[in-house]
Amino acid sequence: MTNDTASAASATALPLAPGNWALDPFHSSVGFTVRHLGIAKVRGRFERLEAELFVGERVEDVRVSATVALASIDTGNADRDAHVRASDLLDVEKRPTMTYRSTRVSGAGEDWTMEGELTIGEVTRPVTLAVEFGGLVDVPMDGSRHAGFEATGEIRRSEFGLDFAPGLLGEVVKIQLDMQFVEPKSA
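Keep in mind it's a predicted model, so treat the numbers as computed, not measured.

(A) Local environment of unusual backbone geometry. Of note, Leu37 is a non-glycine position whose phi angle comes to about 60°, a positive value. Along the polypeptide, Leu37 turns up in the loop between β2 (29–36) and β3 (40–46). Under the relative-accessibility criterion, Leu37 is labelled partly exposed at 47%. Even without being a glycine, Asp91 presents a positive backbone phi close to 55°. Inspection of the secondary structure assignment puts Asp91 in the loop between α2 (78–85) and β7 (97–108). Classification of Asp91 as buried rests on a relative accessible area of 14%.

Okay, here's the thing in structure tokens:
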């Protein structure tokens, strides 16, 4: 691919208007799955999420950042959630947030890849997410334009210093983000 072809593909592959897109928190979520005893999966989500999407003129200019409050964990069992928050497991006093910052976005159409850095407590590691672009829609009630995305990936708990309960909890945590962003008013 020549530089002219790559530039043209980059320009046409980005259907989002430039600017700072605002998170629609009512239609966004961060979920996870981890194996329990190696035989079953426990699913959960985090209730508190903040995210920003900056879209530039080119794909190379796109930046995404997100912060999740780890104390907002919800696995559907209040006793389990309280135990996971405690100092012998997740220790939300020591690790209050999980943050992700993109470093590179690539792809076209519906299928994209986002490379970035995930920080949990004091530990930062590279994490790549597969991103599916769900499309754009104008909301009839207020005329705002929304973009939808699903991002999936996985982390290894021990790489973030979360190596508690080996054998009880699986090493791999699968992550799923369903996100809606609202186009900037100036677009």
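We are not done yet, so read on.
(B) Region of interest: a positive patch on the surface. The grouping of Arg35, Lys41, Arg43 and Lys174 at the surface amounts to a positive patch. Tracing the backbone shows Arg43 in strand β3. For Arg43, a relative accessible area of 54% puts it in the exposed group.

(C) A look at the pattern of salt bridges. Applying the stated rule across the entire model yields 5 salt bridges. Between Arg45 and Glu47 there is a salt bridge whose closest N-O contact spans 3.2 Å. On the accessibility criterion, Glu47 (42% relative accessible area) is partly exposed. Salt-bridge contacts for Arg58 lead to Asp61; the nearest nitrogen and oxygen are separated by 3.1 Å. Judged by its relative accessible area of 45%, Arg58 falls in the partly exposed class.

(D) Structural context of the pairing of strand β9 (residues 123–138). Note: strand β8 (residues 111–120) against β9, 10 bridges, orientation antiparallel. In the sheet register, Thr119 faces β9, and the bridge partner there is Thr124. Here β9 pairs with strand β10 (residues 145–156) via 8 bridges, running antiparallel. Bridging from a neighbouring strand, Phe133 pairs with Phe149 of β10.

Quick notes on the rules
Residues numbered from 1 in each chain as written. Predicted model: local features only at pLDDT ≥ 70, side-chain atom pairs only at ≥ 80, totals over all residues. Heavy atoms only, no water. Helix = DSSP H or I, 4+ residues; strand = E, 2+ residues; numbered from the N terminus. Buried < 20%, exposed > 50% of the residue type's maximum accessible area, 1.4 Å probe, protein only. Patch = residues over 30% accessible without salt bridge, like charges linked within 9 Å, V, L, I, M, F, W, Y side chains within 5 Å. Areas by Shrake-Rupley, 256 points an atom, 1.4 Å probe, with all protein chains shown as cover. Salt bridge = Lys/Arg side-chain N within 4 Å of Asp/Glu carboxyl O. Lys, Arg positive; Asp, Glu negative; His and termini not counted. Charge placed at Lys NZ, Arg CZ, Asp CG, Glu CD. Pairing = 2+ DSSP bridges.

Remember that the coordinates give geometry; whether it matters functionally is a separate question.
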